[in-house]
Each structure stands twice: as structure tokens, then as C-alpha cells.
Amino acid sequence: MQNTRPLLLETDFPPITRGKLQTLQVNLGYVCNLSCVHCHVNAGPSRTESMELETIEQVLALLARESIGALDLTGGAPELNPHFRYLVRQARALGVRVIDRCNLTVLFEPGQQDLAGFLAEHQVEICASLPCYLEDNVEEQRGKGVYAESIRAIRLLNNLGYGRDALLRLNLVYNPVGAVLPPPQAGLQEDYRRELGQRFDIQFDQLLTITNMPISRFGAVLLAQGEYVSYMQLLRDNFSQANLETVMCRNLLSVDWQGYVYDCDFNQMLDLPILASDRRRHIANLPSSRELEGKPIYTGEHCYGCTAGQGSSCGGALEA
């Protein structure tokens, strides 16, 4: 697989600095039951990397020490980590808001039949990937049969109160198919509500649109199809200065499955350590969040992906 990393390191992206820490995003490993085309971590069924219990305990210690408000769990399929439920229980006991980046189909994996009920019991917020409301587009990205399983999963979550109960938030996540920017989030959200509501009586709280990042699997596809240069130009041409104030890396820390810390999930995949240094920092030896405030963020060409157009973050578009 071709690697875009060497192409992304040299950049003229404007310098940005860290603000107050609000969210700890933790990658629990690259094990996944799917192998999606847009996946920037190259996750899949053949991967074996998974966070161990010792590192889980260090995550919990950091949450408690710094009084971090939100824990954002990602992967792979984070639910396939053997310590996922322990981490959720302990974080919720600390009063931390827990977000699960769920691919939906994992709810029907062997041994996960009670997963949906567990998430509801602990009031875990679900951000569920559904790249389109049309079957063909979803299966182009994620594989045959994924659309039907995803719809089945959302209906199961609705039956448990997700998307209907204010305490059980269900957000859907849209990624474009191919080397294009997402359409305006508000308009696409209404399309999702109409189409999914009419076809399947599905309800959800919010649609989050996320720009595909030119790294790992998607980056390799761009190179293989000769679209890398044009896609990067698209991101640059749509750069918005206003988005610099609200990019997610300013208020978030990203932790990899081994416990090393980065400014964001994308920097994690490119091995660009926190504090814009050449030395990786482990969660066990991390300075206090106050000491991190005002420190420079490691930037690269991929940062244009977060600031193009309406902007993009794990929480969706940056512009209202």
C-alpha cells in the first residue's frame, strides 16, 4: 500500500496552539469486523493491535486527574477490545461523558448480542458511521450487506430509546464517497431524516459530516488512482481561516492503542507526536493539561482537510 506520509510532512499550514483540554480520544485498537475504503487507520479483521488493561487504567487515571469531561472511544471497532466495557463502566462512574464510534454492524458480531443494551444502560453516546442513506453508496465504501445490517442496528437502537430519549444520543456520521468535500451538513441532515424516516421509520439526533483524510487507506487509494494532487488542491482551495479557532486538536488529546499521545487521531496515524517534537510521549508521563495550553500543535498538509469549506472534526462540521 502506498504511503502519503512523506508528502504531508512539509507544509505551509498556519501555526496553531493548544487550548483547554476537553476531550480525550482513545483508539482502543485496529481490530475491526469491516475494512472500509475511507478508513484512515487501515483497520480490519486481520489486525491484532489492541489496548491492554494496564494502559486502560492509565487512561482512567488521566481522566480523573485532569477532570476531563468527555471520553471518545474509537478504533477499529472499539467494542471489540476485551476491556471496552470495563473502561466504559469506570469512566461513567467518574461522571465522564462517553462517546462510542460505532460501525453499527458490530452489534451483531458473535459475543456482542447484548452490546446495544449495555450502551443504553450506561447512557453511552453513539456516533454511528452511515456514509449515505442510499444502499449502493454505503456498500461501495463498506462492503456488501453492510447497509441492511446498519439499518437493522439503528432500528434496534431506536427501540432501546436512542434518537428518541434525550439521554441516549444517536448521531450518524457521513463520509463522502471519493475525493470530494462533504456537502453542507444542515441540508444533508434533512435529507437523511427524510429518507431514513420515510423508508425505515428511523430517528437520530444529528448528522455529522467528516472530510476524508488523505492518509493511510484512503491516501493510498488517492495515489493509486492519480487523484492525490487534485484532492490536496481541492482542500487548499477551500481553506477557511475562520475554522482555525475551532479545529478539534486545540481541545483534544488522542491516545493510541499503546498509550502514546498525539494532538489528534490523524497525527496519530502519521506518527506526529504531541508538542511538535520528534519524541513520542506516553500517557503515563504526560504533563498536566494546564502545561499543554498554548503549546504548538504538530501540523501537516492533511490539516487542510479539517479547515476546508465548512470545516471537519470528529464532531462534524465546524461552521454552524
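Everything discussed here concerns the structure shown above.
Residues numbered from 1 in each chain as written. Predicted model: local features only at pLDDT ≥ 70, side-chain atom pairs only at ≥ 80, totals over all residues. Heavy atoms only, no water.

Enquirer: Would you mind showing me how to read the side chain of threonine 299 here?
Expert: Within the secondary structure layout, threonine 299 lies in the loop between α11 (289-292) and α12 (303-307). Overall, threonine 299 belongs to the buried group, its relative accessible area being 13%. (Helix = DSSP H or I, 4+ residues; strand = E, 2+ residues; numbered from the N terminus. Buried < 20%, exposed > 50% of the residue type's maximum accessible area, 1.4 Å probe, protein only.)

Enquirer: Quick question: what am I supposed to make of the pairing of strand β5 (residues 170-174) here?
Expert: Strand residues, when the strand is regular, have side chains that alternate between the two faces of the sheet. For β5, a buried count of 5 out of 5 residues is recorded, marking the element as mostly surrounded by other parts of the structure. Taking every second residue as pointing to the same face, both faces of β5 are buried, with Leu170, Leu172 and Tyr174 on one and Asn171 and Val173 on the other. Pairing of strand β4 (residues 125-129) with β5 involves 4 bridges; the strand directions are parallel. Paired with serine 129 across the strands is valine 173, a residue of β5. In this fold, the crossover linking β5 to strand β6 (residues 206-209) by way of helix α7 (residues 185-200) has right-handed handedness. (Pairing = 2+ DSSP bridges. Right-handed = clockwise from strand over helix to strand, strands pointing away.)

Enquirer: Got a minute to help me understand unusual backbone geometry in this structure?
Expert: Excluding glycine, residues mostly carry a negative phi; peptide bonds, for their part, are mostly trans. Cis geometry is adopted by the peptide bond preceding glycine 76, which originates at glycine 75 and carries an omega value of 20°. Mapping glycine 76 onto the fold places it in the loop between β2 (70-74) and α3 (84-93). The backbone of leucine 104 sits at a positive phi, close to 75°, despite the residue not being glycine. Looking at the secondary structure, you find leucine 104 in the loop between β3 (97-102) and α4 (115-121).

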